[in-house]
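Understanding the architecture of this molecule
So you can see what is in the structure, the chains are spelled out below.
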There are 2 protein chains.
Amino acid sequence: MYNGNIMDLLGTELPIVQSPMAGIQDSALTIAVSEAGGLGSLACGMLSLEKIISEIRLIKEATDKPYNLNFFCHEMADYKEKQHLKWQEKLKPYFDELGIEVESGPNSANRMPFNHDIADAIETFNPEFISFHFGLPDKILLERIKTWGTKIVSSATTVQEALWLESQGVDGIIAQGLEAGGHRGMFLSDDISTQIGVSALVPQIANKVKTPIIAAGGIGDSRGVQAALVLGASAVQIGTAYLLCSDAKTSRLHRSAIKNFKSQHTALTNVFSGRPARSIVNRAMKELGYMNPLAPTFPHASIEMTQLRGHAEKLNSDDFSPLWCGQNTSGCKEISARELTLLLASKC
Amino acid sequence: MYNGNIMDLLGTELPIVQSPMAGIQDSALTIAVSEAGGLGSLACGMLSLEKIISEIRLIKEATDKPYNLNFFCHEMADYKEKQHLKWQEKLKPYFDELGIEVESGPNSANRMPFNHDIADAIETFNPEFISFHFGLPDKILLERIKTWGTKIVSSATTVQEALWLESQGVDGIIAQGLEAGGHRGMFLSDDISTQIGVSALVPQIANKVKTPIIAAGGIGDSRGVQAALVLGASAVQIGTAYLLCSDAKTSRLHRSAIKNFKSQHTALTNVFSGRPARSIVNRAMKELGYMNPLAPTFPHASIEMTQLRGHAEKLNSDDFSPLWCGQNTSGCKEISARELTLLLASKC
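Residues numbered from 1 in each chain as written. Chains lettered and ligands numbered in written order. Predicted model: local features only at pLDDT ≥ 70, side-chain atom pairs only at ≥ 80, totals over all residues.

**Looking at the overall build of chain A**
Inclusion rule: Secondary structure elements follow DSSP: runs of H or I no shorter than four residues count as helices, runs of E no shorter than two count as strands, and numbering proceeds from the N terminus. Throughout, the radius of gyration refers to the C-alpha atoms, and the reference size of a globule is 2.2 Å times the residue count to the power 0.38. Burial is judged by counting the other C-beta atoms within 10 Å of a residue's own C-beta: 20 or more makes it buried, 12 or fewer makes it exposed, and any count in between marks it as partly exposed, with every C-beta position built from the backbone. A pair of residues counts as a contact when their C-beta atoms, built from backbone coordinates, are within 7 Å of each other.
Check the secondary structure of chain A and you find 13 helices and 11 strands. Relative to the globule expectation of 20 Å for 348 residues, the C-alpha radius of gyration of chain A, 19 Å, shows essentially globular dimensions. Burial status across chain A gives 56% buried among its 348 residues. By sequence separation, contacts in chain A at least 24 residues apart represent 68% of the contacts at least 6 residues apart.

Right, here's the structure in full:
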């Protein structure tokens, strides 16, 4: 168990990290949370290099407080044509229904792992924090970041992953409970039954590591923040509660799904990206099965679904949209991210 | 949210309920926990009427503190021969391997729902508490119990189930998080993706009901107890942590599985009883698939598996044993249940 002062790690006033949410946020959310005293994050995994740089510039212009850059670090899989032909056959009825032709091609999946080009581009900004999802980048990249003095954190979904991250010298471990919305950070196993609730995960990790723990998953209000700290976490990472904030770029359809009672039912699904991620259950998930063995390898499964989504959303339908959301929507509020951050930390 | 004093409901000194654990305990555990100041439970779902009565007598002789009787209240399904023939075909390689013949028959599943015969037998004891699993018994039975002045609680695994239980006038709601070991109490849905972590479940239920909440699932130590109370629960129900206690009847093989690192991996499975329940992953679960669509209807799936288990256990193998266990084994201690209860409540 970590016995230091978490504020030494985070450099913030509040023990609140805003979860990076690719496709749902830009620097506006990062700035609002950092300015409020939390640690704002920028999800860079779906941004172009140019966009990453321009967003960081916006953050630096708006605040001198610490912020976090988040990257995926999966090993980029090859595009497998056979896999896609089968998947396209499975999805054909939907393409027919929407009256569109599938556009196939290996270059359209837009989730790139962290690499030296990105490192070259962000190095000059000397970022205080980088968080990774799906493990860590290779040793050379990792050592390179460490030379900047940047603090490195990553997600663990099991005790084994936490022990592995600690052995790699991370500065903090995000204990991502099963409740969390979006992609599971899992990287040592692909069996989703290994994924456990945050209140079982945090104490078991805390018993085994000395690295500070940032609890994530199912935390929606100040009671949740307090409970996570009691369990052995030094800080929390919160995403879902920010989804309705005015500073988030959550789409109208996504907001509407969250406000609807159906957000009580989320599930882990691979149909949107190829990796298990938690979304509000919608038509694509129900009809294809939450975890479909035909879904192409991450991130390529997004190629076809993004086409269906684009057309369906124009028709005001969320049938094919990834409605990322955690298991606890009771903290979602249509207020500013600043107000929400202060509310979440109100008993800290 | 409940604003009263939970001790008025429980009648105990400590906000700790011991989870009833059918097949793993008898009155010794109930007595130890109740005497320590918690609410000891007796799992009656797998006991004969005679055994229920003799166990209650043992409790009443040993303590005048409150105790809880737990019953299943599923609707008893018919034994479907066709279903069993298919399942037996699936299991045939195991029967062959153990060199035994399957004994088929409708009367060997030993999980009976609560009924008037049981009510007749326990009425004279005027039990303070009855907890149900799988919803509630029918209105007539429920009203009958209420006339005894007995307090009634049952498990909710979703907000919807909590609202339904409140509408039936229960005295307390056990919010059973996904982390919990043993059978899911789910009764309004059979889709296991609806099951959520305790830290997402408790605050969402607390926001909607006025009935006191007893949090269950993943709670293994005094930090977990405190965190659950912070989240909005008035008490906790703990099972897994008691599994290694000297007063529990946990088998040697089961104890050994819990102490082994493999207890880090549990999963929901229907192969032992026909209903989803959390067990340490063993050979039967791995090879049959955790949730096998061929598994006969609860409780009849236990008929064949119990035969395999009996023979395998004689050979010192837990391949076919239900190794009920929650997602957090860090609180399992080889001490007395009295000591454990006091440890769990040490910051209350």
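**A closer look at the nonpolar core**
For the record, the criterion: What makes a nonpolar core is a set of buried Ala, Val, Leu, Ile, Met, Phe, Trp, Tyr and Cys residues, with links drawn between C-beta atoms within 7 Å.
Among the nonpolar cores identified, the biggest contains 210 residues, and A:A175 and B:A175 are the most heavily contacted of them. When near neighbours in sequence (up to four residues on either side) are disregarded, A:A175 contacts A:A156, A:A162, A:V198, A:L201, A:V202, A:I205, A:I213, A:A215, A:A216 and A:A233.

**Details of the packing of helix 4 (residues 81-98) of chain B against helix 12 (residues 302-314) of chain B**
Residues and elements named next belong to chain B. This is how the line gets drawn: Each axis is a line fitted through C-alpha atoms, and for a helix only the stretch in contact is used; angles between axes span 0 to 180 degrees, taken between their N-to-C directions. By the definition adopted for this analysis, an angle is roughly parallel if under 35 degrees, roughly antiparallel if over 145, roughly perpendicular if from 65 to 115, and oblique otherwise. Note: crossing handedness is left-handed where the near helix turns anticlockwise from the far helix by less than a right angle, and right-handed where it turns clockwise. When residues are sorted by character, Ala, Val, Leu, Ile, Met, Phe, Trp, Tyr, Cys and Pro go into the nonpolar class, Asp, Glu, Lys and Arg into the charged class, and all the rest, Gly among them, into the polar class.
Helix 12 packs onto helix 4 with a crossing angle of 10° between their chain directions and a minimal axis gap of 11 Å. Our classification of the angle between helix 4 and helix 12 gives roughly parallel. Of the two elements, helix 4 crosses helix 12, and the hand of that crossing is left-handed. Residues W87, Q88, L91, Y94, F95 and L98 of helix 4 lie in contact with helix 12, whose contacting residues are E304, L308, H311 and A312. Taken together, the residues of the contact of helix 4 with helix 12 break down into seven nonpolar, two polar and one charged.

**Some thoughts on the relation of the copies chain A and chain B**
What counts, and what does not: When the copies are overlaid, the least-squares fit takes in C-alpha atoms only where the residue has pLDDT of at least 70 in both copies.
The transform that puts chain A on chain B rotates by 180° and translates by 0.0 Å along the axis, for an RMSD of 0.0 Å. Here the symmetry operator amounts to a two-fold rotation axis. Within chain A, the C-alpha atom positioned nearest to the axis of rotation is that of A:A227, 2.1 Å from it. Same-surface contact between copies: 100% of interface residues of chain A are shared with the interface of chain B.

**Thoughts on helix 2 (residues 27-36) of chain A**
Think of an α-helix as turning once every 3.6 residues; residues three or four places apart then point the same way. Residues and elements named next belong to chain A. With eight of 10 residues buried, helix 2 lies mostly within the body of the structure. S27, L29, T30, I31, A32, V33, S34 and A36 are the residues of helix 2 that are buried. The inward-facing, buried residues of helix 2 abut strand 1 (16-18), strand 2 (40-43), helix 3 (49-62), strand 3 (67-72) and helix 13 (337-344). One or two residues past the end of helix 2 sits G37, with phi positive at roughly 110°.

**Observations regarding the pairing of strand 6 (residues 172-176) of chain A**
Residues and elements named next belong to chain A. Rule in force here: Strand pairing is assigned whenever DSSP identifies at least 2 bridges connecting the two strands.
Buried residues dominate strand 6, accounting for five of its five residues. Neither face of strand 6 is open: one carries G172, I174 and Q176, the other I173 and A175, and all of them are buried. The sheet contact formed by strand 5 (residues 151-156) and strand 6 spans four bridges and is parallel. Following the sheet pairing, S155 is matched in strand 6 by I174. Two strands pair when backbone bridges link them, and strand 6 and strand 8 (residues 213-216) are joined in this way by four bridges, in the parallel orientation. Opposite Q176, over in strand 8, you have A216 as the bridge partner.

**Section: the domain arrangement of chain A**
Quite often, the size of an interface is put as the accessible area lost when its parts meet. Residues and elements named next belong to chain A. Where we set the bar: What marks off one domain from the next here is an automatic or database domain assignment.
With domains assigned, chain A is organised as domain 1 (1-74 + 111-243 + 332-348) and domain 2 (79-109 + 252-324). Between the C-alpha centres of domain 1 and domain 2 there is a distance of 26 Å. Taken together, the contact between domain 1 and domain 2 spans 12 residues of the former and 11 residues of the latter. Of the residues in the side of domain 1 that touches domain 2, the class split is six nonpolar, four polar and two charged.

**A closer look at the interface of chain A and chain B**
In this complex, chain A contributes 32 residues to the contact, which on the side of chain B involves 32 residues. Elements represented by at least two residues in the side of chain A that touches chain B include exactly helix 8 (198-206) and helix 9 (222-231) of chain A. For the side of chain A that touches chain B, the residue count by class is 11 nonpolar, 18 polar and three charged.

**So, the sheet that holds strand 4 (residues 129-133) of chain B**
All names here are of chain B. One open sheet holds the eight strands; their spatial order is 1-9-8-6-5-4-3-2, and the pairing between them is parallel. Across the chains shown, the open sheet's two edge strands, defined by having one partner strand only, are strand 1 (16-18) and strand 2 (40-43). When the angles between neighbouring strand axes are averaged without regard to direction, this sheet yields 25°. Here strand 3 (residues 67-72) pairs with strand 4 via five bridges, running parallel.

**Some remarks on helix 3 of chain A**
Note the threshold: Residue count minus one, scaled by 1.5 Å, sets the expected span of a helix.
Between its terminal C-alpha atoms helix 3 of chain A stretches 20 Å, which fits the 20 Å expected from 14 residues at 1.5 Å a residue. The inward-facing, buried residues of helix 3 of chain A contact helix 2, strand 2, strand 3 and helix 5 (116-123) of chain A.

**Quick look at the pairing of strand 11 (residues 277-280) of chain A**
Residues and elements named next belong to chain A. The two faces of strand 11 match: A277 and S279 on one face and R278 and I280 on the other face are all buried. Bridge count between strand 7 (residues 182-183) and strand 11: two bridges; the pairing is antiparallel. Looking across to strand 11, one finds that H183 is bridged to A277. Bridge analysis of strand 10 (residues 266-269) against strand 11 gives four bridges, and the strand direction is antiparallel. Among the inter-strand pairings, T266 is bridged to a residue of strand 11, identified as I280.

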